[in-house]
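Descriptive structure summary
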Amino acid sequence: MVRMATAAESFLLAIGTKKGLWLATSPDRKDWSFTGPHFLMAEIPSIGIDTREGRTRILVGVSSPHWGPTVAHSDDLGATWSEPEQGAVKFPQDTGAALDRVWQIYPDAESRPGVVWAGAEPISIWKSTDGGEHFELNRGLWDHPHRSEWGAGYGGAAAHSIVVDPAGETVHVAMSTGGVYRSVDGGTSWEARNKGISAYFMPDPNPEFGQCVHKIAADAAVEGRLYAQNHHGVYRTDDNADTWNSIAEGLPADFGFVMLTHPRRDGTAWVVPLKADGERIPPDGKLAVHRTDDAGNTWKRLSAGLPEHEYNSVLRDAASVDTAEPAGVYFGTRGGTVYASADEGETFREVASHLPDVLCVRAAVVAGA
Amino acid sequence: MSSASGRQWLPVPEISLLLPSVLQPLAGGRSILTTPADGPVTVAGLLDAVSADYAVLGRRLRDETGALRRFVNIYVGGDEVRRLQGLDTEVVPGQEVLVIQSVAGG
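Each value, and the rule that gives it
- Residues numbered from 1 in each chain as written.
- Chains lettered and ligands numbered in written order.
- Predicted model: local features only at pLDDT ≥ 70, side-chain atom pairs only at ≥ 80, totals over all residues.
- Helix = DSSP H or I, 4+ residues; strand = E, 2+ residues; numbered from the N terminus.
- Rg over C-alpha atoms; globule rule 2.2 N^0.38 Å.
- Buried ≥ 20, exposed ≤ 12 C-beta atoms within 10 Å, placed from the backbone.
- Contact = placed C-beta atoms within 7 Å.
- Pairing = 2+ DSSP bridges.
- Arc of directions from axis to C-beta.
- pLDDT = per-residue confidence, 0-100.

**A look at the overall build of chain A**
Of regular secondary structure, chain A possesses 1 helix and 29 strands. Whereas a compact globule of 369 residues would reach a radius of gyration of roughly 21 Å, chain A reaches 19 Å, a difference of no more than 12%. Its C-alpha atoms give chain A principal-axis dimensions of roughly 50 × 50 × 40 Å. A total of 369 residues make up chain A; the buried ones form 54% of that total. Sequence separation of at least 24 residues holds for 50% of the intrachain contacts in chain A that already meet a minimum separation of 6.

**Concerning the sheet that holds strand β20 (residues 260-261) of chain A**
All names here are of chain A. If you walk across this open sheet you meet the 4 strands as β20-β21-β23-β24, and the pairing is antiparallel. Lying at the two open borders of the sheet, with one neighbouring strand each, are β20 and β24 (300-302). Here strand β23 (residues 289-292) pairs with β24 via 3 bridges, running antiparallel. Its bridge partner being in β24, R291 is matched across the sheet by K300.

**Concerning helix α1 (residues 43-53) of chain B**
All buried positions along α1(B) are accounted for by V43(B), L46(B), L47(B) and V50(B). Seen from one end, α1(B) has its buried residues packed into an arc of 95°, which puts them on one side.

**Comments concerning the confidence of the model for chain B**
Put simply, chain B has an average pLDDT of 91, and 88% of its residues get 70 or more. Two numbers describe this predicted complex: its pTM, 0.94, and its ipTM, 0.89.

If you want it as structure tokens, here you go:
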């Protein structure tokens, strides 16, 4: 059964591309009404939809090749946008650094209204307490002694994943390249947590840090359980990242960028495998999402509604789930096509095509629209 | 120039910053920003003055370290400042400073 939004709700789909942002709303996740492009000719690598405090705030990382990066927000579904005069994410003078790109915008838990995290390039994380209008640099990670040895992935050197324990002070960050870091004191101090994750491309394939983790996500219901899509390797931890174990068996490829978890149900996660390193395409050119419902012990291939041939990849943040029941699954390709599923991936439908490369997708159930 | 009283008014020397159309909304819709100047100023000083009044515009031109963004070109006397003294290039009253975006991108 496909969930309809209530009369007072709708589904919001935000699509960040290499040349602007598109927003779409739908009452049923089938028929979508689009606006855009917003920020034409600027990359939109990060989007956060914050539905706390009785409002829908869309936060976007905007990166113009000419005019630089910034963060803007809209409280009216994109009709108008605001940008703080001095910039929302701005490196302190003593760092000597300048912001290249905001890779991640992560609204914190309901219990911490106003708190929004950001991950950025150069590798850094930031915290806002005013709904994403102004962010403060996390000095613990910025001053970490490993910093000089962190490197850049093909897309740049960035902190791209932030996972915050909604009930506690534990924060996990993933960076390319550097791996997973954990703080148990709300972000004051950080330790590398990569035991079990392979870095086959390094002289020591099992280093303390230096892994190229592409995305991490937390299990919805099991405390201390996270999933990681690595540069080769799909992993799960059950002990808050102290140790990681492979859950790649059953997948057609262990490479990919996406890692999604269910908003409520334990053990459910989605990946989009790509063949690599030589061929960064869906295996055999056949695009499919794979879902586990048992924490990675088994995987189910899901391709109903997807094209027979697809040679474009799906980037790490170009996928999202909504919070409806059943959960919606959304993703976009570098070929500019966006697919949506209203039944947790069992069937997909194309909702947009011929857009610029899709960099980021976020979806939510929102009031109004 | 003279007023009704017969007092002589001299035009205030000024420096003009010419903006491309894409940036004009950040300058209140103006295509030219002028600032009075009774002597030479550096391009950095000129951009500081612009940033004081139009902070978002200032951030489009320079990053938070003060460096000119890679694909922003500023011309003084027909030369791009990177071929002169960079942001220390001096501008004299009466001169126009052009902001032009690089023809880069895909």
